[in-house]
Amino acid sequence: MLRHKRYQNLDLKPPPKFVPPPLLVVFDPGGKLGYAVFEHGKLVACGYGKHHKFLDKPVWKYRAGGVFLVERPKSYPGRKSKQDPNALMQTDFRAGELTQLYRMCGYSLEEVCPPNAWKGNIGKPEGDEQYEIEARVLERLDEGELALLYANSSARSDKLDDNMIDAIGIGLWRLKRWRKKNV
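Residues numbered from 1 in each chain as written. Predicted model: local features only at pLDDT ≥ 70, side-chain atom pairs only at ≥ 80, totals over all residues. Heavy atoms only, no water.

Asks: Please clarify how the sheet that holds strand 2 (residues 33-39) should be interpreted in this entry.
Replies: What holds strands together in a sheet is hydrogen bonding between their backbones, with the strands either parallel or antiparallel. Strand order in this open sheet of 5 strands is 3-2-1-4-5, and the pairing throughout is mixed. The open sheet has two free edges, formed respectively by strand 3 (42-49) and strand 5 (108-112), since each of these has just one partner strand. With direction set aside, neighbouring strand axes in the sheet form an average angle of 15 degrees. Inspection of the sheet shows strand 1 (residues 23-29) paired to strand 4 (residues 67-71) by 4 bridges, in the parallel sense. (Pairing = 2+ DSSP bridges. Helix = DSSP H or I, 4+ residues; strand = E, 2+ residues; numbered from the N terminus. Axes fitted to C-alpha atoms, helices over the stretch in contact; angles between N-to-C directions.)

In structure tokens:
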């Protein structure tokens, strides 16, 4: 309770409780696109593949009222940039095509740019940044979601796809099941 006279007559209400969107479709448009689909905050589909596959057949039902979330790449000037600018332009082009497709299907659009908006600033003093992201994603999924993730992993490799993991991480961040970490 506020005790100062000036604030005694204010009708302060707590912020509204977070309600996840009924449908959230997330893409991480790298060389292989990773995707994740959440219904009412629960992971119900995930995977990865080539870009054209997702333009020919969307990952989820055409249903208006969903939220489409895509990670947009960011180029950093000077030595900070680790990627080829041409590769970033191709990634951004793929993100734009997917954005247009889902907007035409009635989804509302949200973008995450730069990637550290959801990841935070994760340094590499102890090894691979992606390993840390993967570990954080895995610890936030329940048993059913983990089973789904492993069912959609590659049979040819014991590693999980980086872009699929990032898409799930972005979705968890949007659903407030993830807090970014600043190191």
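Asks: Is there a simple way to think about the side chain of Arg 94 in this case?
Replies: Along the chain, Arg 94 falls in helix 2 (residues 85-104). Of the buried charged residues, Arg 94 lacks a salt bridge, with Glu 97 as the closest side chain of opposite charge at 7.5 Å. Reaching out from Arg 94, the side chain makes a polar contact with the side chain of Thr 91 at a distance of 3.1 Å. In contact with Arg 94, not counting residues within four places along its chain, are Pro 29, Gly 30, Gly 31, Leu 33 and His 51. (Buried < 20%, exposed > 50% of the residue type's maximum accessible area, 1.4 Å probe, protein only. Lys, Arg positive; Asp, Glu negative; His and termini not counted. Salt bridge = Lys/Arg side-chain N within 4 Å of Asp/Glu carboxyl O. Polar contact = N/O pair within 3.5 Å; in protein donor to acceptor, adjacent residues only side chain to side chain. Contact = heavy atoms within 4.5 Å.)

This is a description of form; function is not addressed.
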